[in-house]
Amino acid sequence: MNVTLTYILSQILVGIYYLIYSWTFHLKDSNKILIVGIIATIISSISYVLLNAYTGMAMCFVAIIRNLLFTKDKKNTLNLTLIFILTLIVSVFTFDSYFCLFNIIATLIYTYALWQKNTKTYKLLGIIVNGLMIIYDIYIKSVLGVIMISIAFISSIIGFIKENIKENEITVEK
């Protein structure tokens, strides 16, 4: 792995992306999660281009469309189906290794997590998505990506636990 200026820039963008992404696991409003996700995903797509990780870049393209659609009409099952189909179509053109499947599956799971209304489910599925993305980042040799997604992984676990504790406190008080 050559440490070039391009690689360093990609890693800076990866760091910014994961800080913003980790924050989404602490938001309660699903539309805010989508809007913040668009900003983070634009940054991520640029870092993937710099890393020549075209499946990652393609999944970012799908994610931006997904977030825009879901912001307007999250409950629409047709939107969910269209995003799943778009994900699979785009995957065909960018697939270059079985490791790309980790990113593709993560995108499909994360799409479902965002589509449904329950933020508790979002946070639980985020744990799985982050685990898959750790493997993809190892494959594309994004050192900071591996470090940051590991932090996001821990953040998603904490967000999930915090929500469960709060939910149990409310249940006990009633």
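Parameters and conventions
Numbering of residues starts from 1 in every chain and runs along the sequence as written. Restriction of local features to residues with pLDDT of at least 70 applies here, the model being predicted, together with a cutoff of 80 or more for giving and counting side-chain atom pairs; totals for whole chains, interfaces and linings are based on all residues. Water and hydrogen atoms play no part in the side-chain values, which are based on all heavy atoms of the structure. Think of it this way: any DSSP run of H or I at least four residues long counts as a helix, any run of E at least two long counts as a strand, and we number them from the N terminus. Only C-alpha atoms enter the radius of gyration; for comparison, a globular chain is expected to reach 2.2 Å times N to the power 0.38, where N is the number of residues. Exposure is judged per residue with a 1.4 Å probe applied to protein chains only, and the accessible area is read against the type maximum: over 50% gives exposed, under 20% gives buried, and values in between give partly exposed. The contact definition used throughout considers only heavy atoms, calling two residues in contact when any of these lie within 4.5 Å. To measure how exposed things are, a 1.4 Å probe is used in the Shrake-Rupley method; for residues, cover is taken only from the protein chains shown. Between the first and last residue of a helix there are one fewer steps than residues, each counted as 1.5 Å, and that sum is the expected span.

K.L.:
What am I meant to see in the overall build of the chain here?
P.N.:
Helices and strands together make up the secondary structure of the chain, namely 7 helices and 0 strands. Written out in order from the N terminus, the α and β elements of the chain read α-α-α-α-α-α-α. For a compact globule of 174 residues, the expected C-alpha radius of gyration is about 16 Å, and the chain comes in at 16 Å, within 12% of that figure. Its C-alpha atoms give the chain principal-axis dimensions of roughly 60 × 35 × 25 Å. When burial is assessed residue by residue, the chain has 48% of its 174 residues classed as buried. Put simply, of all contacts in the chain between residues at least 6 apart along the chain, 71% involve residues at least 24 apart. Working note: accessible area of the chain is about 9,100 Å², and carbon and sulfur atoms make up 73% of it.

K.L.:
Would you explain the side chain of S45 in this entry?
P.N.:
Assignment of secondary structure puts S45 in helix α2 (residues 30-50). The buried category is assigned to S45, whose relative accessible area is 15%. Setting aside residues up to four positions removed in sequence, S45 forms contacts with M57 and C60.

K.L.:
Explain helix α3 (residues 54-73) here, please?
P.N.:
Residues spaced three or four apart along an α-helix point in a common direction, a consequence of the helix completing one turn every 3.6 residues. Look at α3: 28 Å from first C-alpha to last across 20 residues, which is about the 28 Å you get at 1.5 Å a residue. Restricting attention to buried positions, one finds in α3 the residues T55, G56, A58, M59, C60, V62, A63, R66, N67 and F70. Looking at the packing, one finds that the buried side of α3 touches α2, α4 (77-94), α5 (100-115) and α6 (119-139).

K.L.:
Please clarify how unusual backbone geometry should be interpreted in this entry.
P.N.:
If a residue is not glycine, its phi is most likely negative; likewise, a peptide bond is most likely trans. Of note, the phi angle at N52 is positive, near 55°, even though the residue is not glycine. One can find N52 in the loop between α2 and α3. Its identity is not glycine, yet K141 carries a phi of approximately 65°, on the positive side. Examined against the element boundaries, K141 turns out to sit in the loop between α6 and α7 (143-173). Judged by its relative accessible area of 49%, K141 falls in the partly exposed class.

No statement about biological role is implied by the geometric values presented.
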